[in-house]
Amino acid sequence: MRGLLAAGLAAGLPACTRTADDGATVLKFWAMGREGEVVTALIPEFERLYPGVKVDVQQLPWTAAHEKLLTAFAGEAMPDLFQLGNTWVAELAALKAIEPLDARVAASATLDPKDYFAGIWQTNVIDGRLYGVPWYVDTRVMFYNRELLARAGHARMPATWEGWMAAMRAVKKIVGPDKYVILLPHEEFAPLLVLALQQPEELLRDGGRYGNFRSASFRRALQLYADMYREGLAPKERVSNIYHEFSTEYVSFYISGPWNIGEFRRRVAPDRQHTWATALMPGPHGPAASLAGGSSLAVASSSRHKQAAWQLVEYLSQVDTAAKFNALTGNLPPRRANWSDARLAGDPPAQAFRLQLENVRPEPRVPEWESILAELRVMGERVAHGDIGVDAAAVALDARTDRILEKRRWMLDREARR
Amino acid sequence: MKVQRAAWCFVAPALLAIGVFFFLPVAAALAMSLTDFDIYALADIGNLRFVGLRNYIELLQTPLFWRALGNTFYFVIVGVPLSIAASLGAALLLNSRVTMLKGLFRTVYFAPVVTSLVAVAVIWRYVLHTRYGMLNYALSWFGLEPVDWLGDPDWAMPAIILFAVWKNFGYNMIILLAGLQSIPHDLYEAADLDGAGAWAKFRWVTWPMLGPTLLMVSILSMSGYFQLFAEPYVMTQGGPVQSTVSVLYFMYEQGFKWWNLGVASAVAFVLFAIMFTITLLQLRVARGLDA
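Residues numbered from 1 in each chain as written. Chains lettered and ligands numbered in written order. Predicted model: local features only at pLDDT ≥ 70, side-chain atom pairs only at ≥ 80, totals over all residues. Heavy atoms only, no water.

If you look chain B up in an unreviewed UniProt entry, it shows as Sugar ABC transporter permease from Pseudoduganella albidiflava. Of the comments in the UniProt record for chain B, the one headed Subcellular location (unreviewed entry) reads "Cell membrane". Regarding chain B, the UniProt comment filed under Sequence similarities (unreviewed entry) reads as follows: "Belongs to the binding-protein-dependent transport system permease family." (UniProt positions renumbered as here; feature names shortened; annotations may be inferred.)

In the nomenclature of an unreviewed UniProt entry, chain A corresponds to Extracellular solute-binding protein from the organism Pseudoduganella albidiflava. The heading Subcellular location (unreviewed entry) in the UniProt record of chain A holds the text "Periplasm".

**Topic: the overall build of chain A**
Across its full length, chain A carries 20 helices and 15 strands. For 418 residues, the compact-globule estimate of 2.2 N^0.38 gives 22 Å, and chain A sits close to it at 23 Å. Looking at chain A residue by residue over its 418 residues, the buried ones come to 57%. Of the contacts made within chain A by residues no fewer than 6 positions apart, 75% connect residues no fewer than 24 positions apart. Of the roughly 17500 Å² of accessible surface on chain A, a fraction of 53% belongs to carbon and sulfur atoms. Side chains of chain A carry 50 positive and 49 negative charges; the gap between the two charge centres is 2 Å. (Helix = DSSP H or I, 4+ residues; strand = E, 2+ residues; numbered from the N terminus. Rg over C-alpha atoms; globule rule 2.2 N^0.38 Å. Buried < 20%, exposed > 50% of the residue type's maximum accessible area, 1.4 Å probe, protein only. Contact = heavy atoms within 4.5 Å. Areas by Shrake-Rupley, 256 points an atom, 1.4 Å probe, with all protein chains shown as cover. Lys, Arg positive; Asp, Glu negative; His and termini not counted. Charge placed at Lys NZ, Arg CZ, Asp CG, Glu CD.)

**Things to note about the nonpolar core**
Core analysis: the biggest nonpolar cluster contains 63 residues, and L59(B), F65(B), F75(B), F226(B), M235(B) and F250(B) have the highest contact counts within it. Elements represented by at least two residues in this core include exactly helix 3 (54-60), helix 4 (63-95), helix 6 (117-127), helix 8 (153-181), helix 10 (198-226), helix 11 (230-235), helix 12 (247-257) and helix 13 (261-290) of chain B. Examining the composition of this core, we find that 13 residues originate from one element, helix 8 of chain B, more than from any other. If we skip the residues at most four places from it in the chain, M235(B) touches A121(B), W124(B), R125(B), L128(B), L150(B), I160(B) and F163(B). Membership of the second largest hydrophobic core comes to 56 residues, among which are M142(A), W164(A), A226(A) and Y229(A). (Core = buried A, V, L, I, M, F, W, Y, C linked by side-chain atoms within 4.5 Å.)

**Digging into the interface of chain A and chain B**
Across the contact, 33 residues belong to chain A and 32 residues belong to chain B. Where chain A abuts chain B, roughly 2800 Å² becomes buried across the two surfaces, and 53% of that area is made up of carbon and sulfur atoms. Considering only the surface of chain A that becomes buried against chain B, E67(A), R238(A) and K407(A) emerge as the three largest contributors, covering 21% of it. Our count for the chain A to chain B interface comes out at seven salt bridges. (Buried area = accessible area lost by both parts, 1.4 Å probe. Salt bridge = Lys/Arg side-chain N within 4 Å of Asp/Glu carboxyl O.)

**Considerations on the UniProt feature "domain: ABC transmembrane type-1" (unreviewed entry) in chain B**
The feature "domain: ABC transmembrane type-1" (unreviewed entry), as annotated in UniProt, sits at residues 69-282 of chain B in this numbering. Measuring from the first to the last C-alpha atom of residues 69-282 of chain B gives 19 Å, for a span that is 77% helix and 0% strand.

Shown next, in the form of structure tokens:
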């Protein structure tokens, strides 16, 4: 029995150590969802360039990634480097869980900050220091049924909110009472957030100390959102397969990200393929901003192999690696250099993203943002169901946000006193 | 004296284990519920504040907590009687002399209990689908309008109750079946001699003889149903419009999604207090019935 136990322990041991049998450094790299699957194809080339380093890629599901990173931090089991949703950068920076990268970027021969879309680069800068390198970008644009829109008398996607609503009403007249126009899924905060980011006022005020959802700006965005439900343009029920419902014209507008280019190509019915297109988000008075989403690569402060981890970040950020990554995933590269590539420049659905990327706006960079977003999502849902009015919702959202930010205010005040 | 010391030596390992793995965590959670332990405190313990009863007071002022409590009570008050009625009905059927293929039915009814909840929840989501689901298709035979089971705030909880009752009734059924089989046969024979009908036999023999089993089953179900979590977690994520957020789901989100462990611990103790009170009441009522 004891012998068996010892053998078991011995077998388990190599997993705990950080060096492989041949003395090479082993980098633990966490990546989410599809990226985690695909990035393994890029690793052999890196291992060839840096013979002393082995990369151990571990995949996390997106839905559990945020919890998993915090749990890993709490349990002191962080990987050496990891993919990081760019709205989480502030949170992990506040925990001092990730390394500032300014010096390494300045010394890098291949990484040029000026080549990156400015809005996306900014999402990684917290209090003037850089904590991550953008890996791919995913702003949101409008996916729409151009054939139906043309039948409704609009040759192209309108650029203003007013024109957009008019176009949707016209489509609604054609499809009739049993069908809808725009899908705004209850489990997503992004559509409402995009409308809110198009407004001039900030979503948090006083340096992220209080919510600013009571502003006229935000209430305008929420009102537009509420109107889409009130006028029967958006379905309240859950839609389990958007591609099928798009093919049947059950819904024909959908605010979504670049991963859906591939999905629409694969999953919309073949005889409906010619109907879908992408367009810039309509804004209050014309083309306006969208959210600056995407993932970054970050190096853990607890890592014992920061130099090697940085080399992998640098390698994955190179123009040619990014081009391969784009070909494998459809994820959009954050560097302008990649966009002159024929693959992207000649792809019509990608062009809306190309234009939108020049006009994106970062979300507030406070560690509590993820939980504020959850409140935003729930409030959007309550407004959609007519559970609460727009003004009351704005007040309630501010109250919830102010409570979430209470600890932050205390910490900022304490720092100021020191 | 010596005997006593020996006794302590024998009990000590067990006591130690209970102390370390039961009392210590509970005490730590109680202490934590008096602080604002969160992700900042995790990063640097200097960011921890002792806040006294603030977590509890704020909890009682949080509309979502009350809503979660209301949803949980709804689930318990409708779900527990339904579940016990279903298991009792199934147990009576299986116990009756006229039923064929008892073994098969026992297995079929018990199967949902042992199947993975996540797997069956995925299938039930299809059954409950508004436009393509089987349930609405069946309703349409009776000329009923389709119901948006998981998307309508008024129907989401009934849908979850339906699912939970289906998932769990087999477990209680087995216990009740054992209870039924332990009722002495001569009681029924005596009742037959007195000319009792089926209902009279149920009312005057089965029901009182099953009393203790039913009490145990109701306490077990109640405490199980108060801990509603996995069903809304898999089926609705607390939606739509938070109509299926239960107390435990609320606690999970506070604790493990946002790492507000102080608040989450407070929620745990409030839930404990509620369940403790209700079980005491249940026992008292049962004792009152006996007397």
